[in-house]
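Secondary and tertiary structure notes
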Amino acid sequence: MWVLFAVGSSFFAGITAILAKCGIRKTDSDVATAIRTVVVLLFSWLMVLVTGTWSGIRNVDGKTLLFLVLSGLATGASWLCYFHALQKGDVNKVVPIDKSSTILTILLALIFLHEGLTPVKIVSVVLIGAGTMLMITRKEGTGDAEEKNGKEWLIYAVLSAVFASLTAILGKIGIAGIDSNLGTAIRTTVVIVMAWLMVFLKGKQKELHRIEKKELRFIALSGLATGASWLCYYRALQDGPASVVVPIDKLSILVTIAFSWVVFKEKLTKKAAFGLLCILAGTIMMAVL
């Protein structure tokens, strides 16, 4: 059964970006992020109740809470940048950049957590980096409009990856002494406060009344997909080996690209397809070897 849960985690993680993209065609990305975070928050605390780890909140010390809050702020920043990038750019280009956060995470772990840099990790970093560059290269024959818009989505996509890396490092330190599910729930609580604060500070609360019902459904579904992915992922880790569960979960990029082709008609060039293979090879090597 744990294999099915691992596959489910990969599937739901893969369709999250697709559902979100469908929900932010007209809806402001900051508002959409705030709304979907409500759904994710419910799922994260549901996970705490299911695992019975809510009582551990009494054991959270000041240092742990500080790093969880910082991790939550980084997560919120990453989500805001990620969905803004999705609104402006192609899914097939934004997602690979977001996945490339693995590279920066390894470097930060080397500096702050003193984790070793093995030959396998070096090869994996090179493959993921090269694959990402191949996938985001501008298609030949594209117009000036895409070239101008490309700079904006690219900046937000890169920022998303940077904040995602900080989330991983800060989160690892923050959950050192508590259950990971409880740590995730606390972090998500910080995210929702940050997301809604950004909405009100930018004066975008009026946008809530302008959201089309169709897009609202897609935004809510993207939050449900994220929550379902978390539930399946931790359920798979509970019974199955992490060395197998993690690579299966990382294959979510295949799901995203497959659905982007079906839903948005975004096709991969031969160069981008080869880049995807490089990213997959580097990710699997890092997780398995």
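Bear in mind that the values here come from a model prediction, so they are computed numbers and not experimental data.

Here the focus is the packing of helix H2 (residues 29–51) against helix H9 (residues 213–239). In the contact formed by H2 and H9, the axes pass within 8 Å of each other and the chain directions differ by 30°. In terms of orientation, H2 and H9 fall into the roughly parallel class. Handedness of the H2/H9 crossing: right-handed. Of the residues in H9, those in contact with Ala32, Ile35, Arg36, Val39, Val40, Phe43, Ser44 and Met47 of H2 are Leu216, Ile219, Ala220, Ser222, Gly223, Leu224, Thr226, Gly227, Ala228, Trp230, Leu231 and Tyr234.

Attention now goes to the nonpolar core. One broad trend across soluble globular proteins is that nonpolar side chains are buried collectively. Counting residues in hydrophobic clusters, the biggest one holds 35 residues, and the most contacted among them are Tyr82, Leu86, Val94 and Ile253. Other than its neighbours up to four places away in sequence, Val94 contacts Tyr82, Ala85, Leu86, Gly89, Trp153 and Ala157. Within the second largest apolar cluster, seven residues are counted, among which are Leu68, Ile178, Ala185 and Ile186.

So, about the packing of aromatic side chains. Considering all chains together, one arrives at four aromatic pairs under this definition. Ring centres of Phe11 and Phe12 lie 5.5 Å apart, and the angle between their planes is 70°; on these two criteria the pair is classed as edge-to-face. We classify Phe11 as partly exposed; its relative accessible area is 34%. Phe12 gets classed as partly exposed once you look at its relative accessible area, which sits at 27%. For the pair Tyr82 and Phe83, a centre-to-centre distance of 5.3 Å together with 70° between the ring planes defines the contact as edge-to-face. Of the two residues, Tyr82 and Phe83, neither departs from the other in class, the shared state being buried.

The UniProt entry lists residues 36–57, 64–86, 106–132, 153–178, 184–203, 215–236, 242–264 and 271–288 under the feature "transmembrane region" (unreviewed entry), expressed in the numbering used here. When the span residues 36–57 is considered, its composition is 73% helix and 0% strand, and the gap between its end C-alpha atoms is 25 Å.

One can find Ser229 in helix H9. With residues near it in sequence (within four places) discarded, Ser229 still touches Ser9, Phe12, Ala13 and Asp249.

This brings us to the side chain of Ser252. Tracing the backbone through its elements, the reader meets Ser252 in helix H11 (residues 252–263). At 3.2 Å, the side chain of Ser252 and the side chain of Lys99 are in polar contact. Not counting residues up to four positions away in its chain, the partners in contact with Ser252 are Ser10, Ala13, Gly14 and Lys99.

Right, let's talk about a nonpolar patch on the surface for a bit. Taken together, the side chains of Leu110, Ile111, Phe112, Leu117, Ile122 and Val126 make up a nonpolar region of the molecular surface, amounting to roughly 560 Å² of accessible area. At the level of elements, helix H5 (101–112) and helix H6 (119–136) are the ones that each hand at least two residues to the nonpolar patch. Mapped onto the elements, Leu110 comes out in helix H5. Residue Leu110 is classed as partly exposed on the basis of its relative accessible area of 34%.

Moving on: the UniProt feature "domain: EamA" (unreviewed entry) in the protein chain. The feature "domain: EamA" (unreviewed entry), as annotated in UniProt, sits at residues 1–136 and 153–286 in this numbering. Secondary structure across residues 1–136 comprises 82% helix and 0% strand; the distance between its end C-alpha atoms is 36 Å.

The next subject is the packing of helix H3 (residues 62–88) against helix H4 (residues 91–99). Interhelical geometry of H3 versus H4 gives an angle of 155° and a closest axis separation of 8 Å. Our classification of the angle between H3 and H4 gives roughly antiparallel. In this structure, H3 crosses over H4, and the sense of that crossing is right-handed. Contacts from Tyr82, Ala85 and Leu86 in H3 reach Val91, Val94, Val95 and Asp98 in H4. For the contact of H3 with H4, the class distribution of residues is six nonpolar, no polar and one charged.

A separate point is the pattern of salt bridges. Pairing between side chains of opposite charge can happen when their charged atoms approach one another. Taken as a whole and assessed by the stated rule, the structure comprises five salt bridges. Notably, a salt bridge pairs Asp28 with Lys204, separated by 3.1 Å at the nearest N-O pair. Linking Asp28 in the loop between helix H1 (2–23) and H2 with Lys204 in the loop between helix H8 (180–201) and H9, this pair joins segments that are 176 residues apart in sequence. On the basis of relative accessible area, Asp28 is assigned to the buried category, the value being 18%. Between Asp30 and Lys202 there is a salt bridge, with the nearest N and O atoms lying 2.9 Å from each other. Taken as a pair, Asp30 in helix H2 and Lys202 in the loop between H8 and H9 lie far apart in primary sequence, 172 residues in all. Since its relative accessible area comes to 5%, Asp30 is described here as buried.

What counts as what
Residues numbered from 1 in each chain as written. Predicted model: local features only at pLDDT ≥ 70, side-chain atom pairs only at ≥ 80, totals over all residues. Heavy atoms only, no water. Axes fitted to C-alpha atoms, helices over the stretch in contact; angles between N-to-C directions. Helix = DSSP H or I, 4+ residues; strand = E, 2+ residues; numbered from the N terminus. Parallel < 35°, antiparallel > 145°, perpendicular 65-115°, else oblique. Left-handed = near helix turned anticlockwise from the far one by under 90°. Contact = heavy atoms within 4.5 Å. Core = buried A, V, L, I, M, F, W, Y, C linked by side-chain atoms within 4.5 Å. Buried < 20%, exposed > 50% of the residue type's maximum accessible area, 1.4 Å probe, protein only. Phe/Tyr/Trp six-rings, centres within 6.5 Å; stacked < 30°, edge-to-face > 60°. UniProt positions renumbered as here; feature names shortened; annotations may be inferred. Polar contact = N/O pair within 3.5 Å; in protein donor to acceptor, adjacent residues only side chain to side chain. Patch = residues over 30% accessible without salt bridge, like charges linked within 9 Å, V, L, I, M, F, W, Y side chains within 5 Å. Areas by Shrake-Rupley, 256 points an atom, 1.4 Å probe, with all protein chains shown as cover. Salt bridge = Lys/Arg side-chain N within 4 Å of Asp/Glu carboxyl O. Nonpolar A, V, L, I, M, F, W, Y, C, P; charged D, E, K, R; others polar.

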